[in-house]
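Report on the structure
So you can see what is in the structure, the chains are spelled out below.
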Amino acid sequence: YLCLEDGLGSTSPAGAQEVMAKKKARRAATTKISVKAKPKTKHVSPDFFAHTKSAKWNRQKTLEQNYGSLGIATDANRSSGTEVAAGVSVIEQEVGEPRAKPFLPMTEGKMAEIRPLVRTYGDDVERMARDRKLNMWQNTPAQLRKLVDYYNASLEHLGRQKDDADAQG
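All of these numbers come straight from a predicted model, not from anything done at the bench. (Residues numbered from 1 in each chain as written. Predicted model: local features only at pLDDT ≥ 70, side-chain atom pairs only at ≥ 80, totals over all residues. Heavy atoms only, no water.)

**Quick word on helix 3 (residues 63-70)**
- Turning to helix 3, its buried residues are Asn66, Tyr67 and Leu70. Relative to the axis of helix 3, the buried residues are bounded by an arc of 95° and lie together on one face.
- Of the residues trailing helix 3, Gly71 is marked for its positive phi of about 85°. (Buried < 20%, exposed > 50% of the residue type's maximum accessible area, 1.4 Å probe, protein only. Helix = DSSP H or I, 4+ residues; strand = E, 2+ residues; numbered from the N terminus. Arc of directions from axis to C-beta.)

**A closer look at the confidence of the model for the protein**
- Residue-level pLDDT values for the protein average 77, and 66% of them are 70 or greater.
- Averaged pLDDT values for the elements of the protein fall to 55 in helix 8 (residues 162-168) and rise to 96 in helix 6 (residues 125-130). (pLDDT = per-residue confidence, 0-100.)

**Overview of the packing of helix 5 (residues 108-121) against helix 7 (residues 141-158)**
- Their axes nearest at 10 Å, the elements helix 5 and helix 7 cross at an angle of 105°. The angle between the axes of helix 5 and helix 7 places the two elements in the roughly perpendicular class. Residues Lys110, Met111, Ile114, Arg115, Leu117 and Val118 of helix 5 form the contact with helix 7, whose own contacting residues are Leu144, Leu147, Val148, Tyr151, Ser154, Leu155 and Leu158.
- Across the contact of helix 5 with helix 7, the residue classes tally to 10 nonpolar, one polar and two charged. (Axes fitted to C-alpha atoms, helices over the stretch in contact; angles between N-to-C directions. Parallel < 35°, antiparallel > 145°, perpendicular 65-115°, else oblique. Contact = heavy atoms within 4.5 Å. Nonpolar A, V, L, I, M, F, W, Y, C, P; charged D, E, K, R; others polar.)

**A look at the pattern of salt bridges**
- Tallying each qualifying case throughout the model produces three salt bridges.
- Measuring nitrogen to oxygen at the nearest pair gives 3.6 Å for the salt bridge that ties Lys110 to Glu113. Residue Lys110 and its partner Glu113 are both found in helix 5; the two are separated by three residues, about one turn of the helix.
- We classify Glu113 as partly exposed; its relative accessible area is 22%.
- The partner of Asp149 in a salt bridge is Arg145, and the shortest N-O contact between them spans 3.4 Å. Here the residue Asp149 and the residue Arg145 both occupy positions in helix 7, the gap between them amounting to four residues, near one helical turn. (Salt bridge = Lys/Arg side-chain N within 4 Å of Asp/Glu carboxyl O.)

Here's what the structure looks like:
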């Protein structure tokens, strides 16, 4: 340690203790922040067959017997295919047909990006992919094929013709 009091840079134990005391004081003056652990919550998985089990569940039977009466397999490796198929058909009847997903047309901004490419190259996605100016996002031919198909489907959904879209752009 250097002693700064005499100006010569000599070492002395008194100067070393003074420097150490300043470091301890600085360390003690700083605020300490403690990070607490988040409380752990137990994950509970949903019971997908609750609506089926509530009406037909018999508390006197075992789990396997109740699942068997409901047509649900407890062990896929042990059960035969007919039991599982019967159980699936019972559940499918209760659930019904799946709803069709509504078609969401392409946004106007995305249509504005694809429109010049379609106007210039038609359906030739290989040439679209090589055009660096019109294909500003440098989409691959596979991506452009999906975008062109989605663009055409959006035009049909919106009731526009290709010529109407070209006149707008």
